[in-house]
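One letter stands for each residue in the lines below.
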6 protein chains.
Amino acid sequence: MIFLTRRATFSASHYYWNESWPAEKNERVFGRCANRNGHGHNYTLEVTVAGEPDPVTGFVVDLKWLKGVMGREVLAAYDHKHLNLDVPEFKHSIPTTENIAIAAWKRLEPVVTAAGVARLSRIRVYETPEIFAEYRGEA
Amino acid sequence: MIFLTRRATFSASHYYWNESWPAEKNERVFGRCANRNGHGHNYTLEVTVAGEPDPVTGFVVDLKWLKGVMGREVLAAYDHKHLNLDVPEFKHSIPTTENIAIAAWKRLEPVVTAAGVARLSRIRVYETPEIFAEYRGEA
Amino acid sequence: MIFLTRRATFSASHYYWNESWPAEKNERVFGRCANRNGHGHNYTLEVTVAGEPDPVTGFVVDLKWLKGVMGREVLAAYDHKHLNLDVPEFKHSIPTTENIAIAAWKRLEPVVTAAGVARLSRIRVYETPEIFAEYRGEA
Amino acid sequence: MIFLTRRATFSASHYYWNESWPAEKNERVFGRCANRNGHGHNYTLEVTVAGEPDPVTGFVVDLKWLKGVMGREVLAAYDHKHLNLDVPEFKHSIPTTENIAIAAWKRLEPVVTAAGVARLSRIRVYETPEIFAEYRGEA
Amino acid sequence: MIFLTRRATFSASHYYWNESWPAEKNERVFGRCANRNGHGHNYTLEVTVAGEPDPVTGFVVDLKWLKGVMGREVLAAYDHKHLNLDVPEFKHSIPTTENIAIAAWKRLEPVVTAAGVARLSRIRVYETPEIFAEYRGEA
Amino acid sequence: MIFLTRRATFSASHYYWNESWPAEKNERVFGRCANRNGHGHNYTLEVTVAGEPDPVTGFVVDLKWLKGVMGREVLAAYDHKHLNLDVPEFKHSIPTTENIAIAAWKRLEPVVTAAGVARLSRIRVYETPEIFAEYRGEA
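Calculation criteria
Residues numbered from 1 in each chain as written. Chains lettered and ligands numbered in written order. Predicted model: local features only at pLDDT ≥ 70, side-chain atom pairs only at ≥ 80, totals over all residues. Heavy atoms only, no water. Helix = DSSP H or I, 4+ residues; strand = E, 2+ residues; numbered from the N terminus. Buried < 20%, exposed > 50% of the residue type's maximum accessible area, 1.4 Å probe, protein only. Contact = heavy atoms within 4.5 Å. Areas by Shrake-Rupley, 256 points an atom, 1.4 Å probe, with all protein chains shown as cover. Lys, Arg positive; Asp, Glu negative; His and termini not counted. Charge placed at Lys NZ, Arg CZ, Asp CG, Glu CD. Least-squares fit on C-alpha atoms with pLDDT ≥ 70 in both. Pairing = 2+ DSSP bridges. Buried area = accessible area lost by both parts, 1.4 Å probe. Salt bridge = Lys/Arg side-chain N within 4 Å of Asp/Glu carboxyl O. Polar contact = N/O pair within 3.5 Å; in protein donor to acceptor, adjacent residues only side chain to side chain. Nonpolar A, V, L, I, M, F, W, Y, C, P; charged D, E, K, R; others polar. Arc of directions from axis to C-beta. Phe/Tyr/Trp six-rings, centres within 6.5 Å; stacked < 30°, edge-to-face > 60°. Axes fitted to C-alpha atoms, helices over the stretch in contact; angles between N-to-C directions. Left-handed = near helix turned anticlockwise from the far one by under 90°.

Novice: Outline the overall build of chain A, supporting the account with residue identities and numerical values.
Specialist: A tally of helices and strands in chain A yields four helices and five strands. Secondary structure elements in chain A, listed N-terminal to C-terminal, are β-α-β-α-β-α-α-β-β. Along the first, second and third principal axes, the C-alpha atoms of chain A reach 60 × 30 × 25 Å. Out of the 139 residues in chain A, the part that is buried amounts to 63%. Relative to all contacts within chain A whose residues are 6 or more apart in sequence, the contacts with residues 24 or more apart total 67%. Roughly 5,600 Å² of accessible area belongs to chain A as shown, and the carbon and sulfur atoms make up 54% of that amount. Separation of charge centres in chain A, based on 17 positive and 17 negative side chains, amounts to 1 Å.

Structure, rendered in structure tokens:
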């Protein structure tokens, strides 16, 4: 089994705000992240698939294909966007690094699985070089 | 003469939009950057001062002081903010990397000069690791 | 389950020396690291906690809290210090990258566990970008 | 158990070409990588061993020894070489990042195991900072 | 005056060999770089243009345009190529980092100048993160 | 004219202390850096030479030679050392990043000049990725 990883970056805005809380509680819990005008990051998305290298090509998956999948399924929706305002899954869920990792998994897992060559093994999302979240699916 | 540099990072949102143009022209010229909901970056601000090391301390400037100046004059205004909406100098000027470098110079130069120890030599602003603008003042 | 990681850096000195060995053996085994005046590194401490994102905040843990814990429990003791001379756990144990990772785990694990929100999953310590040690606890 | 990792870099050329396919199919499947004059990368090899720190030295393994093993077993064969033309295991196997990771494992595992101190736990090979493959051995 | 920089990467092979020297002298002078099968690098090309930000757009140059110029004039010729064998200017000139920087300048300068907006100020080529050459044109 | 740069790293300890001041003033001015047990860094030394590429080799200088010079003149004296205690020029001068840059220039300049091929153009010393000092000689 080989674990093959490809990275890509996207630039997006977000804020942390819970609609059911008063402003004061949002500001106390979320601090500077509660600014409703938003702030932003250069995120790094790291996608790992697991499988056996094809004996003919030496590929677990074709990395050009994986780059295309990441572009169509995640970057087209997230890059140069405001995650809270432009992305459906964050209309009612706060776009923390943790939730972005889960959301990217949900976008990518069916497409990787449908290709029938390898399985999605791990998603990492870096909000900054100092902060990242990793999700490996349920179970 | 020694050139001493300190880096800091800030996370901010922006968009590119010229109010005097129709939406169609903004979208054609600025592409994905014209999304009015904004998008964001982890910016790196790199500040260089020039001077002679003090023979007693070995310092051109005290780097704790410089970190404080950068925090008070630039990061307090830009970090976790929407540059177009929250920062006065970008109300009528587009927050491109070029303009952010000039604006940071204008915020920092009087304070560095007033301290009378070294002169501000160079400002660099990285929008991503692949794109940066440098300003060295007029003349 | 989400694995959420935060990095921090600290600058410290150390040397490698076994008191029960003659100088010649220390120098043969530890080479340049046996210089008793010490040498130093910019270490990176990488702390990973595992848990479920809170459905209300989207947080596994509050990263401001985790930063505070890392600062109080590890950086306050290690940063700008000589590990052999200033840190109790290295009075009789050599501060190799391996032992620093275990020591940081012992400092952090009780505090993370006591908070009752997530469990400490992994500690990584980078001595340089080329050398790092990882500890996941016993069991 | 501690996982101790050391990185090293090597510069090498390669191309992707399956001798049993016509040129047209090689170019369609492998794209720009099918250029028979070759192209190249600065690869990073990341070797992780697992074991208990020696209570006397604090070492899982001596990192100078591990650096020597990596140099003799892998870098001497791969660095400043054309992987397809100069390296025996890629005469009939395509030097993808996946296959390089497996080949480096096969070169390193017997030597690490024979030393009897720690076991080889993981090999990572980065072709670029954006693409890497990881192998943990069979089973 | 603002100095605006964009980075891009390319992967290429090369070797160092002077046709007028015997093999023994090539090997003595160029060491491991004299391997005629070639070896390779992930190069980074860093292009800096100098000019005044347009008061309407805030751009010194449109970075999408600059990316396109770098792609058409340099990367199309160098990326996934063998510099000695595939690139005309290195048929009779050794593709050292120094010569690549000069060659990239010659490819880019006429196109940047013809656009009439900014002047080419500086080219940097990184062969590895540890080695780079910089060229600022003649005079 | 080409500017050719090579980087190297060294690990060293230091502290900031002015013998003519009372302890209280040292602690107030130098803060955590005044710890007399020392602390340390992974420094990066960046050496730039300027000259014309040799038309036969394509080299401004032979980078293997430059690596040797940096090793013999600077790293042999600074790496795995305590700068205040082990290095003559810091017996009576505080090893700030500024002073290390000047001291490295003084060690390297005569050797580069004596070789008669290129001139020493610039020294940069990074104390951390966030702090660096640059020296270009007198005048």
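Novice: Could you give an account of the relation of the copies chain F and chain B, with specific residues and numbers?
Specialist: For these two chains of identical sequence, chain F goes onto chain B by a turn of 120° and a shift of 0.0 Å along the axis, with RMSD 0.0 Å. What we have between these two chains is a three-fold relation. Taking C-alpha positions as the reference, the residue of chain F nearest the rotation axis is proline 129 of chain F, at 7.9 Å.

Novice: So what's going on with the pairing of strand β2 (residues 39–51) of chain D? Which residues, and what values?
Specialist: Residues and elements named next belong to chain D. In terms of burial, β2 is a largely internal element, 13 of the 13 residues being buried. Here β2 shows no split at all, with His39, His41, Tyr43, Leu45, Val47, Val49 and Gly51 on one side and Gly40, Asn42, Thr44, Glu46, Thr48 and Ala50 on the other all buried. Pairing geometry for strand β1 (residues 2–14) and β2, over 13 bridges, is antiparallel. Looking across to β2, one finds that phenylalanine 3 is bridged to alanine 50. As paired strands, β2 and strand β4 (residues 119–128) are joined by seven bridges and run antiparallel to one another.

Novice: Residues and numbers for the interface of chain B and chain A, please.
Specialist: Counting from both sides, the interface comprises 20 residues of chain B and, opposite them, 20 residues of chain A. When chain B packs against chain A, the two sides together hide about 1,600 Å² of surface, and 41% of this comes from carbon and sulfur. It is Asn37, Asn42 and His80 of chain B in chain B that bury the most area against chain A; as a group they hold 37% of the surface buried on that side. In this structure, the connection of chain B to chain A is made through two salt bridges. Residue aspartate 79 of chain A is joined to arginine 32 of chain B by a salt bridge in which the shortest nitrogen-to-oxygen separation is 2.4 Å. Remark: the boundary between chain B and chain A carries 22 residue pairs in polar contact (both at pLDDT 80 or more). Where the side of chain B that touches chain A is concerned, the elements lending two or more residues are β1 (2–14), β2 (39–51), β3 (81–82), α3 (83–86) and β4 (119–128) of chain B. Among the elements that make up the side of chain B that touches chain A, the one with the highest residue count is β2 of chain B (four residues). Along the lines of polarity and charge, the residues of the side of chain B that touches chain A split into three nonpolar, twelve polar and five charged.

Novice: An account of the arrangement of the chains is requested, with residue identities and associated values reported.
Specialist: Of all C-alpha pairs spanning chain A and chain E, none lies closer than 14 Å, and the two are not in contact. Across the gap from chain A to chain F, with no contact made, the nearest C-alpha atoms are 13 Å apart.

Novice: An account of helix α1 (residues 23–30) of chain E is requested, with residue identities and associated values reported.
Specialist: Among all positions of α1 of chain E, only Asn26, Val29 and Phe30 of chain E are buried. Down the axis of α1 of chain E, the smallest arc covering the buried residues is 80°, so these residues share one side. On the buried face of α1 of chain E, the contacting elements are α2 (63–78) of chain F. Downstream of α1 of chain E by one or two residues, glycine 31 of chain E has phi in the positive range, about 55°.

Novice: Describe the packing of aromatic side chains, naming the residues involved and giving the relevant values.
Specialist: With the rule as written, the count across this model stands at 54 aromatic pairs over all chains. A ring pair is formed by tyrosine 16 of chain A and phenylalanine 30 of chain A, whose centres lie 5.6 Å apart and whose planes are at 70°; its orientation type is edge-to-face. Separated by 14 residues along the polypeptide, tyrosine 16 of chain A in the loop between β1 (2–14) and α1 (23–30) and phenylalanine 30 of chain A in helix α1 bring together distant segments of the chain. A relative accessible area of 7% places tyrosine 16 of chain A in the buried class. Geometrically, the ring pair formed by tryptophan 105 of chain F and tyrosine 135 of chain F is edge-to-face, given 5.5 Å between the ring centres and 80° between the ring planes. Here tryptophan 105 of chain F, found in helix α4 (residues 97–115), pairs with tyrosine 135 of chain F, found in strand β5 (residues 131–135); they are 30 residues apart in sequence, far enough to count as distant. Judged by relative accessible area, which is 12%, tryptophan 105 of chain F ranks as buried.

Novice: Residue-level account of the side chain of threonine 96 of chain B, with values.
Specialist: Along the chain, threonine 96 of chain B falls in the loop between α3 and α4 (97–115). Every residue in contact with threonine 96 of chain B, bar those within four places of it in the chain, is listed here: Tyr16 of chain B together with Thr57, Gly58 and Phe59 of chain E.

Novice: Mind laying out the relation of the copies chain B and chain A, listing which residues take part and the relevant values?
Specialist: The transform that puts chain B on chain A rotates by 180° and translates by 0.0 Å along the axis, for an RMSD of 0.0 Å. Read as a symmetry element, the transformation amounts to a two-fold axis. An overlap of 100% is found between the interface residues of chain B and their copies at the interface of chain A, pointing to a shared contact surface.

Novice: Can you explain unusual backbone geometry? Please cite residues and give values.
Specialist: Residue and element names in this part refer to chain A. With a phi close to 60°, histidine 80 is a non-glycine residue in the positive phi region. Inspection of the secondary structure assignment puts histidine 80 in the loop between α2 (63–78) and β3 (81–82). Note on histidine 80: relative accessible area 10%, which makes it buried.

Novice: Pulling in residues and values, what's your account of the pattern of salt bridges?
Specialist: Under the definition given, this model contains 54 salt bridges over all chains. Here glutamate 134 of chain A ties to arginine 124 of chain A by a salt bridge, and the two come within 2.8 Å at their closest N and O atoms. Note that glutamate 134 of chain A is positioned in strand β5 (residues 131–135) and arginine 124 of chain A in strand β4 (residues 119–128), a separation of ten residues in sequence. One exposure class covers both glutamate 134 of chain A and arginine 124 of chain A, and it is buried. Here arginine 107 of chain B and glutamate 89 of chain B are joined by a salt bridge, their closest N and O atoms 2.7 Å apart. Of the two residues, arginine 107 of chain B sits in helix α4 while glutamate 89 of chain B sits in the loop between α3 and α4, which places them 18 residues apart along the sequence. Accessibility expressed as a relative area gives 22% for arginine 107 of chain B, which makes it partly exposed. Classification of glutamate 89 of chain B as partly exposed rests on a relative accessible area of 27%. Bridged by salt links that share partners, the residues Arg7, Glu46 and Arg122 of chain A form one connected network.

Novice: Lay out the interface of chain F and chain B with the relevant residues and their values.
Specialist: With 21 residues of chain F in contact, the opposing surface of chain B contributes 19 residues. Summed over both partners, the interface of chain F with chain B buries about 1,600 Å², with 58% contributed by carbon and sulfur atoms. Contact with chain B buries area across many residues of chain F, yet Glu98, Ile131 and Phe132 of chain F alone supply 34% of it, more than any other trio. Our enumeration of links across chain F and chain B arrives at zero salt bridges. Put simply, chain F and chain B have eight residue pairs in polar contact (both at pLDDT 80 or more) between them.

Novice: Requested: an account of the environment of valine 74 of chain C, with residues and values cited.
Specialist: All names here are of chain C. Relative to the assigned elements, valine 74 resides in helix α2 (residues 63–78). Using a relative accessible area of 0% as the deciding quantity, one classes valine 74 as buried. For the pair formed by valine 74 and leucine 108, sequence separation is 34 residues and the distance between their alpha carbons is 7.6 Å. Those residues within four positions of valine 74 in sequence are excluded, and the remaining contacts are Leu45, Val69, Ala104, Arg107 and Leu108.

Novice: Describe the packing of α2 of chain F against α4 of chain F, with residues and values.
Specialist: All names here are of chain F. Running from amino to carboxyl end, α2 crosses α4 at an angle of 140°, the nearest separation of the two axes being 10 Å. Judged by the twist between their axes, the crossing of α2 over α4 is right-handed. Residues Trp65, Val69, Met70, Glu73, Val74, Ala77 and Tyr78 of α2 form the contact with α4, whose participating residues are Ile100, Ala103, Ala104, Arg107, Leu108, Val111, Val112 and Ala115. Grouping the constituent residues of the contact of α2 with α4 by class yields 13 nonpolar, no polar and two charged.

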